[in-house]
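Structural description and commentary
The lines below spell out each chain.
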Amino acid sequence: MKKSMKAILSASVAALCVFGVGFSASAYELNAEVKDVTPALREASTIGVWHHSNPDLQNLKNKDAILVMTFGTTFADTRAKTIDAVEAAIQKAHPDIPVFEAYTSHIIIDRVKAKEGIQKMTPEEAFSKLKAEGYTRVAVVSLDVIPGMEYSYDSIITKMQMSKFKELSLA
């Protein structure tokens, strides 16, 4: 568990380096020998880091936030050792940028609220909050590291925000 947590943490913090280079990030590069790049192959080469810059909002002042998206857990001790630890490390690495979290599992959100009285935000709620508080550049870190429904949800909900933020990145 400790090694996998370090790997997730390292990947998350590395992904957040988008702030250090002006929100630019690169995806995987296709081998130069690949001559027939199909649309599917081109899309697959972008997995890992997605970035969008909204030209209509480029005159807005930069106000940065980091949003950590995770499936969530109902186990408080597990949450402390995993999700909370990753968020704390991200915050430590970026002390001047607020870190927000969102749970993708509505069932987990409901159970944590019922069991512990803690209200977790959905990604939609988190993006609404970020917009309402005037954030213009958001780096999204997905802790859903296996491509599947949850990561797709992270990706889709982030891409649905393109018109609302100056800069968006998903790693």
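Definitions and limits used
Counting of residues starts from 1 at the beginning of each chain's written sequence and follows it residue by residue. Restriction of local features to residues with pLDDT of at least 70 applies here, the model being predicted, together with a cutoff of 80 or more for giving and counting side-chain atom pairs; totals for whole chains, interfaces and linings are based on all residues. Computation of side-chain values: all heavy atoms of the structure, hydrogens and water removed. Where helices and strands are cited, they refer to DSSP runs of H or I of at least four residues and of E of at least two residues respectively, numbered from the N terminus. Categorising residues by exposure relies on relative accessible area from a 1.4 Å probe, with only protein chains included: less than 20% of the type maximum marks a residue as buried, more than 50% marks it as exposed, and the intermediate range marks it as partly exposed. Whether two residues are in contact is decided by their heavy atoms, any of which lying within 4.5 Å being enough. For helices, the fitted line uses only the C-alpha atoms of the stretch in contact; every axis is such a line through C-alpha atoms, and the angle between N-to-C directions lies from 0 to 180 degrees. Any angle between 65 and 115 degrees counts as roughly perpendicular, while under 35 counts as roughly parallel, over 145 as roughly antiparallel, and the rest as oblique. Each helix crossing is assigned a hand: it is left-handed if the near helix lies turned anticlockwise from the far helix by less than a right angle, otherwise right-handed if that turn is clockwise. In the scheme used here, Gly and all other residues not listed as nonpolar or charged are polar, with Ala, Val, Leu, Ile, Met, Phe, Trp, Tyr, Cys and Pro taken as nonpolar and Asp, Glu, Lys and Arg as charged. Whenever a nitrogen or oxygen atom comes within 3.5 Å of another N or O atom, the pair is scored as a polar contact, on the condition that within protein one atom can donate a hydrogen and the other can accept it, and that pairs from neighbouring residues in sequence are kept only if both atoms are in side chains. What pLDDT reports is the predictor's confidence in each residue, on a scale of 0 through 100. Relevant arc is that of directions from the helix axis to the C-beta atoms, nothing else. Whether two aromatic rings pair depends on their centres lying within 6.5 Å, for rings of Phe, Tyr and Trp, where Trp uses its six-membered ring; planes under 30 degrees apart make the pair stacked, over 60 edge-to-face, and the rest tilted. Our definition puts a charge over a ring when NZ of Lys or CZ of Arg is within 6 Å of the ring centre and also within 35 degrees of the ring normal. Whenever Lys or Arg places a side-chain nitrogen within 4 Å of a carboxyl oxygen from Asp or Glu, that contact is recorded as a salt bridge.

Turning our eyes to something else, we now look at the overall build of the chain. Along the chain, the regular secondary structure elements total 7 helices and 5 strands. The order of helices and strands in the chain, counted from the N terminus, is α-α-β-β-α-α-β-α-α-β-α-β. Per-residue burial over the chain gives 39% buried out of 171 residues. Once local pairs closer than 6 in sequence are excluded, the contacts in the chain between residues at least 24 apart make up 76%.

A word on the packing of helix H6 (residues 123-132) against helix H7 (residues 149-159). Packing of H6 against H7 brings their axes to within 10 Å, and their N-to-C directions diverge by 30 degrees. Classified by the angle their axes make, H6 and H7 are roughly parallel. Crossing hand, H6 versus H7: right-handed. Counting all contacts with H6, which are made through Pro123, Glu124 and Phe127, the residues of H7 involved are Tyr153, Ile157 and Thr158. Its residues placed into classes, the contact of H6 with H7 shows 4 nonpolar, 1 polar and 1 charged.

What follows concerns the environment of Thr82. Mapped onto the secondary structure, Thr82 falls in the loop between helix H3 (76-81) and helix H4 (83-93). At 2.6 Å, the side chain of Thr82 forms a polar contact with the backbone oxygen of Thr78.

Mean pLDDT over the chain works out to 84, with 81% of the residues at or above the 70 mark. Considering only residues more than four positions removed or in separate chains, one finds that residues 5-26, a stretch of pLDDT under 50, has 42 contacts.

With that out of the way, let us pick up H6. Looking only at H6, the buried set comprises Pro123, Ala126, Phe127 and Leu130. Along the long axis of H6, the arc covered by the buried residues comes to 95 degrees, so they all point the same way. Buried residues in H6 make contact with strand E2 (64-70), strand E3 (99-103), strand E4 (137-142), H7 and strand E5 (167-170). With its phi angle positive at about 85 degrees, Gly134 sits one or two positions after the end of H6.

In this section: the packing of aromatic side chains. Counted according to the given criterion, the structure contains 2 aromatic pairs. Taking 5.6 Å as the distance between ring centres and 75 degrees as the angle between the ring planes, the aromatic pair formed by Phe100 and Tyr135 counts as edge-to-face. Placement of the pair is Phe100 in strand E3 and Tyr135 in the loop between H6 and E4, with a sequence separation of 35 residues. The burial state of Phe100 is the same as that of Tyr135; both residues are buried. Pairing Phe127 with Phe165 gives two aromatic rings, centres 6.0 Å apart and planes at 55 degrees, and the pair type is tilted. Taken together, the residues span a long stretch of sequence, with Phe127 in helix H6 and Phe165 in the loop between H7 and E5 at a distance of 38 residues. Above the plane of the ring of Tyr135 lies Lys63, whose end atom (NZ or CZ) is 4.5 Å from the centre. Here Lys131 stacks its cationic end above the ring of Phe165, 5.9 Å away from the centre of that ring.

With that out of the way, let us pick up the pattern of salt bridges. Inspection of every chain in the model, using the stated rule, returns 4 salt bridges. The salt bridge partner of Asp64 is Arg137, with a shortest N-O separation of 2.6 Å. Of this pair, Asp64 sits in strand E2 while Arg137 sits in strand E4; the two residues are 73 residues apart in sequence, bridging distant segments of the chain. Its relative accessible area of 18% is what places Asp64 among the buried residues. Here Glu116 ties to Arg79 by a salt bridge, and the two come within 2.7 Å at their closest N and O atoms. Of this pair, Glu116 sits in helix H5 (residues 106-116) while Arg79 sits in helix H3, and the two are 37 residues apart along the sequence.

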